[in-house]
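Coordinate analysis (summary)
What follows is the residue order along each chain.
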Amino acid sequence: MGTVRYNAGARTLHWLIALLIIANIAGGLLHEALDGVISIMPLHKAVGMSVLVLSLVRLGWRMAWAAPAYPATMTRAEVGLAHLVHVVLYVFMIAMPLTGWIMSSASPYPLTWFGLFDIPRLPVVKDSFMAGLGHEAHEIGGYLLIALVAGHALAALRHHFMLKDDILKRML
């Protein structure tokens, strides 16, 4: 019997969001170094807003469709940890773009979606508590997200190469 996989919609959203998040982490980390070469921040903001929308779609999709069962070889604790990591990933996939939107709303720079249309600004003013909170949460959250994404990927690779179960194959 073959591997029971996530449905095509879930797999597509997973990998699209994953690629956008990895690209945005790189852009966020490298934007100052590349300042004289290319202006990454407009792209970073547009990709972030795309991640927000796609993550909300993915959350709705996840609530509408059941995930494949975990392998019987996984303990209750491992399954519980997997669920916790997925919940935290969803929180970050939504919170990171929101904190970026808060920061951008307090900034004088344009906030557009790839230059095609303006994204409405949130009612946040420069040097306000919310602007500062958004900035700090976005910066610290970015580093936490790096650790979370790396841990998630390493766990999938551990399942595939060391435990030799079908966890990774479910999302391929």
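Description of the structure in this document. (Residues numbered from 1 in each chain as written. Predicted model: local features only at pLDDT ≥ 70, side-chain atom pairs only at ≥ 80, totals over all residues. Heavy atoms only, no water.)

As a further point, take helix H4 (residues 129-163). Here H4 spans 47 Å end to end across 35 residues, near enough to the 51 Å set by a 1.5 Å rise per residue. Positive phi appears at Lys-164, one or two residues downstream of H4, with a value of about 55 degrees. (Helix = DSSP H or I, 4+ residues; strand = E, 2+ residues; numbered from the N terminus. Expected span 1.5 Å × (residues − 1).)

Looking now at a negative patch on the surface. Together, Glu-32, Asp-35, Glu-136 and Glu-139 give the surface a local cluster of negative charge. Checked against the element boundaries, Glu-136 lands in helix H4. (Patch = residues over 30% accessible without salt bridge, like charges linked within 9 Å, V, L, I, M, F, W, Y side chains within 5 Å. Areas by Shrake-Rupley, 256 points an atom, 1.4 Å probe, with all protein chains shown as cover. Salt bridge = Lys/Arg side-chain N within 4 Å of Asp/Glu carboxyl O. Lys, Arg positive; Asp, Glu negative; His and termini not counted. Charge placed at Lys NZ, Arg CZ, Asp CG, Glu CD.)

Turning our attention to the pattern of salt bridges. Side chains that differ in sign of charge can pair as their charged atoms come close. As enumerated under the stated definition, the model contains 1 salt bridge in all. The closest approach of N and O atoms between Asp-166 and Lys-169, which form a salt bridge, is 3.8 Å. Residue classification places Lys-169 among the partly exposed residues on the basis of a relative accessible area of 37%. (Buried < 20%, exposed > 50% of the residue type's maximum accessible area, 1.4 Å probe, protein only.)

Between helix H3 (residues 76-105) and H4, whose axes approach to 8 Å, the crossing angle comes to 145 degrees. Handedness of the H3/H4 crossing: left-handed. Of the residues contributing to the contact of H3 with H4, the split by class is 14 nonpolar, 9 polar and no charged. (Axes fitted to C-alpha atoms, helices over the stretch in contact; angles between N-to-C directions. Left-handed = near helix turned anticlockwise from the far one by under 90°. Nonpolar A, V, L, I, M, F, W, Y, C, P; charged D, E, K, R; others polar.)

Taking 1.5 Å of rise per residue, 24 residues should cover 34 Å, and helix H2 (residues 41-64) covers 34 Å from first to last C-alpha, within 8% of that figure. Within the sequence span of H2, burial applies to His-44, Lys-45, Ala-46, Val-47, Gly-48, Met-49, Ser-50, Val-51, Leu-52, Leu-54, Ser-55 and Arg-58. Turning to H2, the residues buried within the fold contact helix H1 (8-30), H3, strand E1 (112-113) and H4. (Contact = heavy atoms within 4.5 Å.)

Turning to the nonpolar core, a few remarks are in order. Of all hydrophobic cores here, the largest spans 14 residues; its most connected members are Ile-17, Ile-21, Val-51, Phe-92, Met-93 and Leu-145. Of all the elements in the fold, those that place two or more residues in this core are H1, H2, H3 and H4. The biggest single contributor to this core is H3, with 5 residues. For Met-93, the contacting residues outside a window of four places in its chain are Ile-17, Ile-21, Val-51, Leu-52, Ser-55 and Arg-58. Within the second largest apolar cluster, 6 residues are counted, among which are Leu-52, Ile-94, Trp-101 and Ile-119. (Core = buried A, V, L, I, M, F, W, Y, C linked by side-chain atoms within 4.5 Å.)

Such coordinate-based values are descriptive only and should not be taken to indicate function.
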